[in-house]
Amino acid sequence: MIHNPKIVIALDYANPQDAINFVEKLDPKLCRLKVGKELFTAAGPQLIEKLISKDFSVFLDLKFHDIPTTVSKACEAASRLGVWMLNVHASGGAAMMEAAREGVERSGQNPLLIAVTVLTSMNQKMLNEVGVAGSVADQVLSLAQLTKKSGLNGVVCSAQEASVLRYALGKEFCLVTPGIRPLDASLDDQSRVVTPKKALELGASYLVIGRPITQSATPLETLIKINQEIM
Ligand code: C5P
């Protein structure tokens, strides 16, 4: 039994039945689950409630980004579902993030509220095109600092960014890292990947892992193996 599972499996499925069929193979003591925009849009809150009723901790990855009142109410509604973690875009600004925090507090629940800094699909040129003059690394750091100042619990970041952020933001700040590949796994469409163990050494708090587990012929065995590697 693992006290605080660090692996968050990305449930990147188009329909709820496929997601449920896969989840039946897992053990909530060994992992948490991430539900993103595609599955949530198709399956709705009922799926989240179903996963929670099976004792899974759920990260609702909807990356809210809107005016503060709207984000506040969206975060309140998401928190009421009983999710373990939810997120917003840090580029929505301090007022939006503070409103998000207040929305979570109104729910009476206590999920982790984190932010996305710069999407890892963005490169330097794209960042400049949307009007940010500085480097990607500087923008990630400054948005992570703003996230902490706004009272949020952490950020989503690449493992490459984790050590700088861990040093700058302290040991309590939650760093959630995708782009994780066990040594024997396919890269799929990821380019800069690190192993689960390395990501934790670099300062990650939780590891988002999708296809290496969802596409495995034996998902539970793969999950157990990765957990052993990071013990
Ligand atoms: O299958 P894979 O392990 O690549 O899935 C990673 C998950 O993390 C996907 O849900 C993907 O959208 C998400 N993600 C990512 N890179 C980011 C942010 C999120 O891969 N920078």
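Caption draft 1: A look at the site of the ligand. Near the ligand you find Ala10, Asp12, Lys34, Thr120, Pro178, Arg181, Gln190, Val208, Ile209, Gly210, Arg211 and Pro212, and these make up its full shell. Arginine 181 places a polar side-chain atom, nitrogen or oxygen, 2.8 Å from an oxygen atom of the ligand. In the environment of the ligand, an oxygen atom lies 2.7 Å from a nitrogen or oxygen atom belonging to the backbone of glycine 210. For the ligand, whose accessible area on its own is 460 Å², the fraction buried by protein is 79%. Breaking the shell around the ligand down by element, the ones donating at least two residues are strand E8 (206–209) and helix H10 (211–214).

Caption draft 2: Here's a closer look at the nonpolar core. The biggest cluster of nonpolar side chains holds 64 residues, and the ones touching the most others in it are Ile9, Leu11, Val35, Leu51, Leu60, Cys75 and Val88. With residues near it in sequence (within four places) discarded, cysteine 75 still touches Phe64, Leu86, Val88, Ala100, Gly103, Val104 and Leu113. With twelve residues, the next largest nonpolar core counts Val8, Ala10, Val116 and Val208 among its residues.

Caption draft 3: Expanded view of the packing of aromatic side chains. As enumerated under the stated definition, the model contains two aromatic pairs in all. Relative to phenylalanine 22, the ring of tyrosine 13 lies with its centre 5.7 Å away and its plane at 40°, an arrangement referred to as tilted. Using a relative accessible area of 3% as the deciding quantity, one classes phenylalanine 22 as buried. Ring centres 5.0 Å apart and planes at 85° place the aromatic pair tryptophan 84 and tyrosine 206 in the edge-to-face group. Taken together, the residues span a long stretch of sequence, with tryptophan 84 in the loop between helix H4 (68–80) and strand E4 (85–89) and tyrosine 206 in strand E8 at a distance of 122 residues. Sitting above the plane of the tyrosine 206 ring, lysine 6 keeps its charged end 6.0 Å from the centroid. A cation over a ring is seen here: arginine 32 above tryptophan 84, with NZ or CZ 4.3 Å from the ring centre.

Criteria and cut-off values
- Each residue is numbered by its place in its chain's sequence as written, counting from 1.
- Given that this is a predicted model, residues contribute local features only at a pLDDT of at least 70 and side-chain atom pairs are listed and counted only at 80 or more, while totals for whole chains, interfaces and linings are drawn from all residues.
- Hydrogens and water are ignored here; the side-chain numbers use all heavy atoms of the structure.
- Consider each residue's heavy atoms; a residue with any of them within 4 Å of a molecule or strand counts as near.
- Here a polar contact means two N or O atoms within 3.5 Å. Within protein one must be a hydrogen donor candidate and the other an acceptor candidate, and residues neighboring in sequence count only if both atoms are side-chain atoms.
- Method for areas: the Shrake-Rupley scheme with a 1.4 Å probe, in which residue coverage is limited to the protein chains shown.
- Helix numbers and strand numbers start at the N terminus; a helix is a DSSP run of H or I with at least 4 residues, a strand a run of E with at least 2.
- Think of a nonpolar core as a cluster: buried Ala, Val, Leu, Ile, Met, Phe, Trp, Tyr and Cys residues, connected wherever their side-chain atoms sit within 4.5 Å.
- With a 1.4 Å probe rolled over the protein chains alone, any residue whose accessible area is under 20% of its type maximum counts as buried; one over 50% counts as exposed, and the rest are partly exposed.
- Contacts are residue-level and defined by heavy atoms, with any inter-residue pair within 4.5 Å sufficient.
- By convention, a stacked pair of Phe, Tyr or Trp rings (six-membered ring in the case of Trp) has centres within 6.5 Å and planes under 30 degrees apart, an edge-to-face pair has planes over 60 apart, and any other such pair is tilted.
- A positively charged side chain is recorded as over a ring if its NZ (Lys) or CZ (Arg) lies within 6 Å of the ring centre. The angle to the ring normal must also be within 35 degrees.

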